[in-house]
Amino acid sequence: MTVQDKKFFGFGRNIYISGLVSFFMDISSEMIYPLVPLFLANVLGVSKSAIGLIEGVAESTASILKVFSGYLSDRLGNRKWLMVAGYGLSTLTRPIIALAKTWHHVFAFRFFDRFGKGIRGAPRDALIAESTEKEFLGRAFSFHRSLDTMGAVIGPALAFFLLGIFSNDYRMVFWLSIMPGIIAVLLIIFFIRETNKPATELSERPKFTLKYFDWRFKFFVIIAAIFALGNSSDVFLILRAEHKGIPAIMIPVVYMFFNLVYSISAIPAGIAADRFGKKRVILTGFVLFALLYYGFAVAANATAIWILFGFYGVFMGLTEGIQKAFLATIIPQQFKATAFGVYNTIVGMAMLPASLIGGWLWDHVSPSATFYFGAITASLSAILFIIFIIVIRKPGN
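The structure displayed is predicted, hence computed values, not measured ones. (Residues numbered from 1 in each chain as written. Predicted model: local features only at pLDDT ≥ 70, side-chain atom pairs only at ≥ 80, totals over all residues. Heavy atoms only, no water.)

**Observations concerning the overall build of the chain**
Applicable threshold: Numbering of helices and strands starts at the N terminus; helices are DSSP runs of H or I of at least 4 residues and strands are runs of E of at least 2. Atoms counted for the radius of gyration: C-alpha only. Globule rule: 2.2 Å times residue count to the power 0.38. Here the term buried applies to any residue with accessible area under 20% of the maximum for its type, exposed to any over 50%, and partly exposed to those in between, with areas from a 1.4 Å probe on protein chains only. The contact criterion used throughout is that any non-hydrogen atoms of two residues lie within 4.5 Å. Under the convention used here, a 1.4 Å probe and the Shrake-Rupley method define accessible areas, while residue burial counts only the protein chains that appear. Charge convention: Lys and Arg are scored as positive, Asp and Glu as negative, and His as well as the terminal groups of each chain are ignored. Where a charge lies is defined by one atom per residue type: Lys uses NZ, Arg uses CZ, Asp uses CG and Glu uses CD.
When you go through the chain residue by residue, the secondary structure sums to 18 helices and zero strands. Computed over the C-alpha atoms, the radius of gyration of the chain is 20 Å, within 12% of the 21 Å expected from 2.2 N^0.38 for a compact globule of 397 residues. Along the first, second and third principal axes, the C-alpha set of the chain runs to 55 × 45 × 35 Å. Classification of the 397 residues of the chain by burial places 58% in the buried group. Contacts in the chain between residues at least 24 apart in sequence constitute 85% of all its contacts with a sequence separation of at least 6. Total accessible area on the chain is roughly 15300 Å²; 69% of this is exposed by carbon and sulfur atoms. Of the side chains in the chain, 36 bear a positive and 22 a negative charge, and the two mean positions are spaced by 4 Å.

**Regarding the environment of L89**
Residue placement: L89 occurs in helix α4 (residues 80-92). Not counting the four nearest positions on each side in its chain, L89 is found in contact with F112, F115, G116 and I119.

**As for the packing of helix α13 (residues 251-276) against helix α14 (residues 278-298)**
Cut-off, in case you're wondering: A fitted line through C-alpha atoms represents every axis, and for helices the fit uses only the stretch in contact; the resulting angles, taken between N-to-C directions, go from 0 to 180 degrees. Throughout, the term roughly parallel applies to angles under 35 degrees, roughly antiparallel to angles over 145, roughly perpendicular to angles from 65 to 115, and oblique to all others. Charged means Asp, Glu, Lys or Arg here, nonpolar means Ala, Val, Leu, Ile, Met, Phe, Trp, Tyr, Cys or Pro, and polar covers whatever is left, Gly included.
Contact pair α13 / α14: the axes reach a minimum separation of 6 Å and the direction vectors enclose 130°. Relative to α14, the element α13 lies oblique. Listed contacts from α14 to A269, A272, A273, D274 and F276 of α13 are K278, R280 and V281. Of the residues belonging to the contact of α13 with α14, the class tally is five nonpolar, no polar and three charged.

**What about the pattern of salt bridges?**
Rules: Here a salt bridge means any side-chain nitrogen of Lys or Arg lying within 4 Å of a carboxyl oxygen belonging to Asp or Glu.
As enumerated under the stated definition, the model contains six salt bridges in all. For D274, the salt bridge identified is with K278, shortest N-O distance 3.4 Å. Via salt bridges that share partners, R94, R110, D113 and R114 belong to a single interconnected network.

**Details of the nonpolar core**
Nonpolar side chains in soluble globular proteins generally cluster together in the buried interior. Which entries qualify depends on this criterion: Throughout this description, the term nonpolar core refers to a set of buried Ala, Val, Leu, Ile, Met, Phe, Trp, Tyr and Cys residues connected via side-chain atoms within 4.5 Å.
F217, F309 and Y312 are the most contacted members of the largest nonpolar core, which has 97 residues in total. Excluding residues that lie within four positions of it along the chain, F309 makes contacts with L237, I238, A241, V254, Y255, F257, F258 and F296. Within the second largest apolar cluster, 12 residues are counted, among which are M25, V84, Y87 and I188.

**Examining the confidence of the model for the chain**
Heads up, the condition is: A residue's pLDDT is the confidence the predictor assigns to it, expressed on a 0 to 100 scale.
The share of residues in the chain with pLDDT of 70 or more is 91%, and the mean pLDDT across the chain is 82. No element of the chain has a lower mean pLDDT than helix α10 (residues 199-203), at 43, and none a higher one than helix α9 (residues 178-191), at 93. Segment residues 198-203: pLDDT under 50, and five contacts once partners within four positions in sequence are set aside and those in other chains are kept.

**A closer look at empty space enclosed by the protein**
Note the cut-off: Only protein atoms enter the 1 Å grid used here. Points where a 1.4 Å probe fits but cannot escape make up a cavity, open sets with protein on both sides within 12 Å along at least five of seven lines make up a pocket, and a residue lines them when an atom lies within 4 Å of a point. Grid points are joined across faces, edges and corners, and a volume is the space filled by probe spheres set on the points.
Counted by the stated rule, this structure contains two cavities of 30 Å³ or more. The volume enclosed by the second largest cavity comes to roughly 30 Å³. Listing elements by their share of the lining of the second largest cavity, those giving two or more residues are α11 (215-230), α17 (351-364) and α18 (367-392). The element that contributes the greatest number of residues to the lining of the second largest cavity is α17, accounting for four residues. Residues of the lining of the second largest cavity, tallied by class, amount to five nonpolar, four polar and no charged.

**Description of the packing of aromatic side chains**
Threshold: Centre distance within 6.5 Å is the pairing criterion for rings of Phe, Tyr and Trp, where only the six-membered ring of Trp is used; planes under 30 degrees apart are then read as stacked, over 60 as edge-to-face, and the remainder as tilted.
If you walk through the whole model with that rule in mind, you get 35 aromatic pairs. A centroid spacing of 6.4 Å and a plane angle of 40° characterise the contact between W215 and F219, whose relative ring orientation is tilted. Here W215 pairs with F219, and both are found in helix α11, just four residues apart, close to one helical turn. A ring pair is formed by Y293 and F371, whose centres lie 5.3 Å apart and whose planes are at 70°; its orientation type is edge-to-face.

**Some details on the packing of helix α15 (residues 302-328) against helix α16 (residues 336-349)**
What counts here: Here is the rule for handedness: rotate from the far helix to the near one, and if that takes an anticlockwise turn smaller than a right angle the crossing is left-handed, while a clockwise turn gives right-handed.
At a minimum axis separation of 11 Å, α15 and α16 run at an interaxial angle of 135°. Taken together, α15 and α16 sit at an angle that is classed as oblique. Helix-helix and strand crossings are classified by hand; for α15 and α16 the assignment is right-handed. Two secondary-structure elements touch here, α15 through Q323, K324, L327 and A328 and α16 through K336, A339, F340, Y343 and N344. Class assignment of the residues belonging to the contact of α15 with α16 gives a composition of five nonpolar, two polar and two charged.

Following this line, the structure appears as structure tokens:
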């Protein structure tokens, strides 16, 4: 850790401010996100396959950029201003969807919004890792995810409230989502401190290559990519909720419930990972996901969907921050942003075929088939991760 400042509960200022930045940005994003598939399907009349294409391209765009932004961040020794650029661009895209007349406009919004996410993700993760002692990495990343996700609780709640006030006017909600995004950008500009990289690190500018990373990193990324191949966009979970009888106006509430459970479970999961081992928590998450997607495949009614969304929140708490914390323990110190970028890019690129497959299975086989496929890939990932754990424990590894 290179940033020296006063600690509160083991965390410095960068951890708290990064969490608040994500908190406000997620309020902005999640005011929009659960409404996008409904807006596309019910207002613009777009097919599920097209929705899958939009989401897949958008998320893959973000992922492809993460490796370049991570590499650039390490090469420049800069985290803060790449974060400003990424969060700022996402905020500036809000008017596109507010004025959208066709699905092409929504596609453009999602593309540029995720473009901004691609710029900010790796530098932010590197900043968190560099601002935290190694023994607190699990709880630091989980704390960040908890605040991030609490924003995702408030965002849908605001959307639900505003839809009631403005008679289901999606566009008004989209316009109002700009405000918390502006707050997020201002927090970075005025309160984030750049991590001071030692001269020895700055003297060796990283080249764009994977030679700095050992087999553990590469094997783990492969496992995560296989898992991501079946983890299609959450828009299909939202569409499944509507398909099983949950009214459109209640969809933001369902999504809010999911994120509330996610937020509450993230910090305990991080503490458990630091105490009992990150690998055990990650494996539990893979197994839970397989069971959950099987549940979404066979769900009979709206009550089952509510229960599944709650457990899906537990799954997210067990995996999102913990996987990054584990990654931080197996990558070289001076190439953290590059490593996070490579990981996020490869995993995220799998989301394009994942969403295309999910949409195709929904339209041409059955809605349940989308979730059966996810259960199978998660099971395969769990098996491979068990092999990974066994091999990594052998002498010499």
